Amino acid sequence: MNYVGSKDFLEVIGESIISNVDIDVVTRLYQPLIGYKASMLYLTLVNYINYQEGEILNHENMFKIMQIDPGDFLNARKALEGCGLMKTYLKLSEDAKHYTYIIYAPKSPKDFFSDVLFKGLLVRYIGEKEATKLALHYKVDVDLEGAKDISANFVEVFQPDLDDDSFDAKMPTNLKDTKALKVDTEFSFEDFFTHLKTAMMIKEDAFSKEECDEIERIATLYGLDTITTCDIVAQSYDDTKKKGFRLDTISFKERAIAQAKYSPIIRKNDENKRYIKISGKTALADEIRLMETLSPKLFLQEKQDGAPPVTADLNLLNYLNEVMQLNKATINALISYSLKMCNNRLIKTYVEKVAATLKRAKINTALDAINFLNDKNDKPKKAFNKVKNDKPEPVKDDDSFDEEEYDKLLKDIGEDK
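Computed from a predicted model, the values in this text were never measured in an experiment.

**Description of the layout of surface pockets**
Thought 1: The calculated volume of the second largest pocket comes to roughly 160 Å³.
Thought 2: Lining the second largest pocket we find ten residues, and of these Ser-336, Tyr-337, Lys-340, Ile-370 and Asn-374 sit closest to its centre.
Thought 3: Of all the elements in the fold, those that place two or more residues in the lining of the second largest pocket are α12 (283-293), α15 (328-341) and α17 (366-384).
Thought 4: A total of four residues in the lining of the second largest pocket trace back to one element, the largest contributor, which is α15.
Thought 5: Within the lining of the second largest pocket, the residues separate by chemical class into six nonpolar, two polar and two charged.

Written out as structure tokens, the structure is:
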């Protein structure tokens, strides 16, 4: 089904107005994330919009123009879809496949660098120094200190008569705009609000942005599905209060933790998994993929052979996300490392200490966290010579965890107590 043949039909439609500035943004900011093949595919599809919008062609012409094979084309297309630059629709007939490609404008530079996902990936791929240079390229540097805005406004210039029938004229509404497509994450607000409205009679505008952010954070952290999240929100919602205070966040969090203790692991089909840029088929590569895709709650549950985490561990996960502001991939890498170092126990003081180390190092991916912790673990071994065979000494398998053992673990991550 995913294979694209040269004889399969395609139609390209531009959903957004795409300017030269947008092309510059794709080339400078998106290309390090998606690669040159996906970037060139985007430029080619934009060119199709300009000259052949609405015309149905087949893929053979595009493959020849780009000198690209179907496999590379499919990977490039997925990269564009993943970062919100296009959407693909497929219609099957008896003897043909018809693809409709909807093209969207990229995020503005301001929105790009304000988005933690895009900013984080850019820093990961080209480094913080180069990413900062790119950000400064789009900096607006105008000194208006001491100046007064004396610009004329619309009404002052045009003096419109709003009683005129011209202002009641009906125009088409399904027109192009300059807004970029919202990138899909694991938590879908569209599905959430649809269910909330139909089942709970709660409208989308009932919540403030801060409340929505907290709902998404908790749902993502504990791996809650849309229906479960809706049910928990409804139980913690009070419509008699002012907007911004209708969601009892403490109650919502407590109910989410209670639900997470008993919810089973839900495994997604391979075709539904998000694309992760990690190569290799080793056990480590497989675990990194899990770290990048699973919520911390489900990752810990996987480590426990399906047994739901206890309340104390769930509270610790929430602390790492809410207070330390670590993302799920970093939290999962920290869980794996701590279980390994502490003989399959999550010791709160130890986990918090390592978390602080990761935070100061500005680690935000599972792979970077693993490399950083392993590197930290290697350095003290040479300095203190307390570990044999280049392997960290695990905590003894008993209930004793005294100050001496704690000091030893702190040294293993290169930190002074």
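Alright, that's what it looks like, and here's the rest.
**Notes on the environment of Leu-334**
Thought 1: Examined against the element boundaries, Leu-334 turns out to sit in helix α15.
Thought 2: In this structure Leu-334 comes out as buried when scored by relative accessible area, which is 0%.
Thought 3: For Leu-334 and Ala-355, which are 21 residues apart along the polypeptide, the C-alpha to C-alpha distance reads 7.2 Å.
Thought 4: Among all residues touching Leu-334, those that are not within four sequence positions of it are Leu-320, Leu-326, Val-351, Val-354, Ala-355 and Leu-358.

**Some remarks on the packing of aromatic side chains**
Thought 1: By the definition in use, this model includes eight aromatic pairs.
Thought 2: Measuring from ring centre to ring centre gives 5.4 Å for Phe-63 and Phe-73, while their planes differ by 65°; the resulting arrangement is edge-to-face. Pair noted here: Phe-63 is in helix α2 (residues 59-66) and Phe-73 is in helix α3 (residues 70-82), with a separation of ten residues, a long-range link. Each member of the pair, Phe-63 together with Phe-73, is buried.
Thought 3: Three or more aromatic residues joined by ring pairs make a cluster, and in this case those are Tyr-30, Phe-112, Phe-113 and Phe-118.
Thought 4: A cation over a ring is seen here: Lys-348 above Tyr-319, with NZ or CZ 5.8 Å from the ring centre.

**With respect to the nonpolar core**
Thought 1: Core analysis: the largest hydrophobic core is formed by 56 residues, its most contacted members being Phe-192, Phe-207, Tyr-222, Leu-334 and Leu-358.
Thought 2: Among the elements that make up this core, the one with the highest residue count is α15 (eight residues).
Thought 3: Among all residues touching Phe-207, those that are not within four sequence positions of it are Phe-193, Leu-196, Ile-202, Cys-212, Ile-215, Val-233, Tyr-237, Lys-243 and Leu-247.
Thought 4: Counting residues in hydrophobic clusters, the runner-up holds 37 residues, among them Leu-10, Leu-57, Tyr-99 and Ala-131.

**Side note on the pairing of strand β4 (residues 97-103)**
Thought 1: Within β4, six of the seven residues are buried, which leaves the element mostly enclosed by the surrounding structure.
Thought 2: Sheet topology places strand β1 (residues 9-14) next to β4; six bridges connect them, and they run parallel. If you follow Gly-14 over to β4, its bridge partner there is Ile-103.
Thought 3: Pairing of strand β3 (residues 86-92) with β4 involves seven bridges; the strand directions are antiparallel. Across the sheet, Leu-92 pairs through a bridge with Lys-97, a residue of β4.
Thought 4: Taking the residues that link successive antiparallel strands as the turn, the β3-β4 hairpin has four residues.

**Here we look at a negative patch on the surface**
Thought 1: On the surface, Asp-161, Asp-163, Asp-164, Asp-165 and Asp-168 cluster together to form a negatively charged patch.
Thought 2: With respect to the element layout, Asp-168 can be found in the loop between α7 (154-158) and α8 (189-200).
Thought 3: The exposure class of Asp-168 is exposed, given its relative accessible area of 53%.

**Observations regarding the pattern of salt bridges**
Thought 1: All told, the structure shown has 14 salt bridges when counted by the stated rule.
Thought 2: For Glu-60, the salt bridge is made with Lys-64, and the minimal N-O distance between the two is 3.5 Å. With Glu-60 and Lys-64 both in helix α2, this residue pair falls four residues apart, about one helical turn.
Thought 3: On the basis of relative accessibility, which here comes to 55%, the residue Lys-64 falls in the exposed class.
Thought 4: The shortest N-O distance in the salt bridge between Lys-348 and Glu-352 comes to 2.4 Å. One end of the pair, Lys-348, and the other, Glu-352, are both in helix α16 (residues 348-360), four residues apart, so they sit about a helical turn from each other.
Thought 5: Salt bridges sharing partners connect three or more residues here, namely Glu-214, Arg-217, Lys-253 and Glu-322.

Calculation rules
Residues numbered from 1 in each chain as written. Predicted model: local features only at pLDDT ≥ 70, side-chain atom pairs only at ≥ 80, totals over all residues. Heavy atoms only, no water. 1 Å grid on protein atoms, 1.4 Å probe; cavity = no way out; pocket = protein on both sides within 12 Å on 5 of 7 lines; lining within 4 Å. Points joined across faces, edges and corners; volume = space filled by probe spheres on them. Helix = DSSP H or I, 4+ residues; strand = E, 2+ residues; numbered from the N terminus. Nonpolar A, V, L, I, M, F, W, Y, C, P; charged D, E, K, R; others polar. Buried < 20%, exposed > 50% of the residue type's maximum accessible area, 1.4 Å probe, protein only. Contact = heavy atoms within 4.5 Å. Phe/Tyr/Trp six-rings, centres within 6.5 Å; stacked < 30°, edge-to-face > 60°. Lys NZ or Arg CZ within 6 Å of the ring centre and 35° of its normal. Core = buried A, V, L, I, M, F, W, Y, C linked by side-chain atoms within 4.5 Å. Pairing = 2+ DSSP bridges. Patch = residues over 30% accessible without salt bridge, like charges linked within 9 Å, V, L, I, M, F, W, Y side chains within 5 Å. Areas by Shrake-Rupley, 256 points an atom, 1.4 Å probe, with all protein chains shown as cover. Salt bridge = Lys/Arg side-chain N within 4 Å of Asp/Glu carboxyl O. Lys, Arg positive; Asp, Glu negative; His and termini not counted. Charge placed at Lys NZ, Arg CZ, Asp CG, Glu CD.

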